[in-house]
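One-letter residues, chain by chain:
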Amino acid sequence: MRKVSGLTHSAVTDVGRVRRRNEDVYLADDAIGLYAVADGMGGHAAGDVASRFAIEALAREARSAAWPRLHGGFLRAAFRRAHQALLRDMRRHPEREGMGTTLTACTVSGGKLFLQHAGDSSLYLVRGSSCRRLTERHNGWMGGLDRCLGVSRDMYWEGQSLEEDVVDGDAIVLASDGLTGYTDEDPDIIARVLATVPAADAARALVDYALAKGGEDNATVVVVHVLGEGV
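Engineer: Got a minute to help me understand the sheet that holds strand E5 (residues 103–109) in this structure?
Structural biologist: The strands making up a sheet are joined through hydrogen bonds of the backbone, oriented either antiparallel or parallel. If you walk across this open sheet you meet the five strands as E2-E3-E5-E6-E10, and the pairing is antiparallel. Strand pairing shows two members of the sheet lacking a second neighbour, strand E2 (24–29) and strand E10 (160–165), which therefore form its edges. Averaged over all neighbouring strand pairs, the angle between strand axes comes to 10°, with direction disregarded. Examined bridge by bridge, strand E3 (residues 34–39) and E5 share four bridges and lie antiparallel to one another. Note that in E5 the partner of Leu34 across the bridge is Thr107.

Engineer: Whenever I open this one, the pattern of salt bridges confuses me. Can you help?
Structural biologist: Side-chain pairs of opposite charge can arise where the charged atoms are in close proximity. What the rule picks out here adds up to 14 salt bridges. Ionic pairing is found between Glu163 and Lys112, a salt bridge with its closest N-O pair at 3.5 Å. Here Lys112 lies in strand E6 (residues 112–118) and Glu163 lies in strand E10, a separation of 51 residues in the sequence. The class of Glu163 is partly exposed, set by a relative accessible area of 47%. Its relative accessible area of 28% is what places Lys112 among the partly exposed residues. Where Asp186 meets Arg192, a salt bridge forms, and the shortest distance between an N and an O atom there is 2.9 Å. One salt-bridge network, in which partners are shared between bridges, spans Asp14, Arg204 and Asp208.

Engineer: Can you help me understand helix H1 (residues 47–64) in this one?
Structural biologist: Look at H1: 26 Å from first C-alpha to last across 18 residues, which is about the 26 Å you get at 1.5 Å a residue. Along H1, the residues classified as buried are Gly47, Val49, Ala50, Ser51, Phe53, Ala54, Ile55, Ala57, Leu58, Ala59, Glu61 and Ala62.

Parameters at a glance
Residues numbered from 1 in each chain as written. Predicted model: local features only at pLDDT ≥ 70, side-chain atom pairs only at ≥ 80, totals over all residues. Heavy atoms only, no water. Pairing = 2+ DSSP bridges. Helix = DSSP H or I, 4+ residues; strand = E, 2+ residues; numbered from the N terminus. Axes fitted to C-alpha atoms, helices over the stretch in contact; angles between N-to-C directions. Salt bridge = Lys/Arg side-chain N within 4 Å of Asp/Glu carboxyl O. Buried < 20%, exposed > 50% of the residue type's maximum accessible area, 1.4 Å probe, protein only. Expected span 1.5 Å × (residues − 1).

Don't take any of this as a statement about function, it's just geometry.
Put into structure tokens, the structure is as follows:
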């Protein structure tokens, strides 16, 4: 296995075939190895505002951090600050009371993936013909989320943190539930789709798969390809 030397990504967000508004937002930055997907909570006020807030807060933290020292501790702190920013905004704008968002984010550096996660979006690691979901699904009573950013001061907790080795040839897939609702029972579907297209078309192919299955929700996908030396 060759040493990791670089990253490249493709990313697509689509409103889907049913929803009128896209409440998904993503972040993808190969230069610092930072990637994220946020899905504003349907049924809550200003879900699109909440997801944008979370991604913008994460980006601000990254700009102020001592790159390349982005790691799990950075992500945990960024999640806390994003949650606090949402709460402050709700105090200033009572009409947004109850807004919330999922947030799934990772940094990749030195052959390590650092993950921080809250909600029901997902992160998968594709290696060869197999695909493994690394994130938990934080679904609670009656199908709602019991872990997310925003909504209320009592809702958020530290979230899921994880560290994983990555190697040359791996693909990291971050996706909102507009895709994962069709793939979680058989995650290897993702590996099979990726095997059929060039890296630059990977995210588009996965979103098209979701649309072909019905496109019942907004679908956002970021696919990160891990490159080895000499690639």
